[in-house]
Amino acid sequence: MCLAVPGKILSMDDSGALKMASVDFGGVVRDICVEWLPEAIVGDYVLAHVGTALSLIDEESAKASLDAFEEIEKLMEQDSVKNRQIQD
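Keep in mind the model is a prediction, meaning the values are calculated, not measured.

1. Thoughts on the pattern of salt bridges
- Per the stated rule, a full pass over the model turns up two salt bridges.
- Between Glu 59 and Lys 63 there is a salt bridge whose closest N-O contact spans 2.7 Å. With a gap of four residues between them, Glu 59 and Lys 63 both fall in helix 1 (residues 59–87), about one helical turn apart.
- What makes Lys 63 partly exposed here is its relative accessible area of 41%.
- Residue Glu 70 is joined to Lys 74 by a salt bridge in which the shortest nitrogen-to-oxygen separation is 3.7 Å. Taken together, the residues Glu 70 and Lys 74, both in helix 1 and four residues apart, mark about one turn of the helix.
- Taking the relative accessible area as the measure of exposure, Glu 70 reaches 43% and is therefore partly exposed.
- For Lys 74, a relative accessible area of 42% corresponds to the partly exposed category.

What counts as what
- Residues numbered from 1 in each chain as written.
- Predicted model: local features only at pLDDT ≥ 70, side-chain atom pairs only at ≥ 80, totals over all residues.
- Heavy atoms only, no water.
- Salt bridge = Lys/Arg side-chain N within 4 Å of Asp/Glu carboxyl O.
- Helix = DSSP H or I, 4+ residues; strand = E, 2+ residues; numbered from the N terminus.
- Buried < 20%, exposed > 50% of the residue type's maximum accessible area, 1.4 Å probe, protein only.

What follows is the structure in structure tokens.
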């Protein structure tokens with residue numbers, strides 16, 4: 001199983017051997033390869049896995065996924081707090 005994360009393309013660079021893009025993944029910006037998505041442009045949302053854009057997605061789907069990841073993070077933090085309280 002792999003996890004693809006949605007992100008928004010902020011800028012693109014095709015000066016190297018592979019076309020790259022600076023992508024915002026919910027506040028974390030990373031450079032990833034977009035060589036296999038020639039139709040991708042700045043402002044598009046992509047699903048990325050291991051530094052490579054796999055597909056384009058719509059903004060609504062991207063935001064729904066990012067919201068779900070945020071909710072999971074909150075639940076994990078709550079669980080961590082509960083476990084510390086039990087141990088104390």
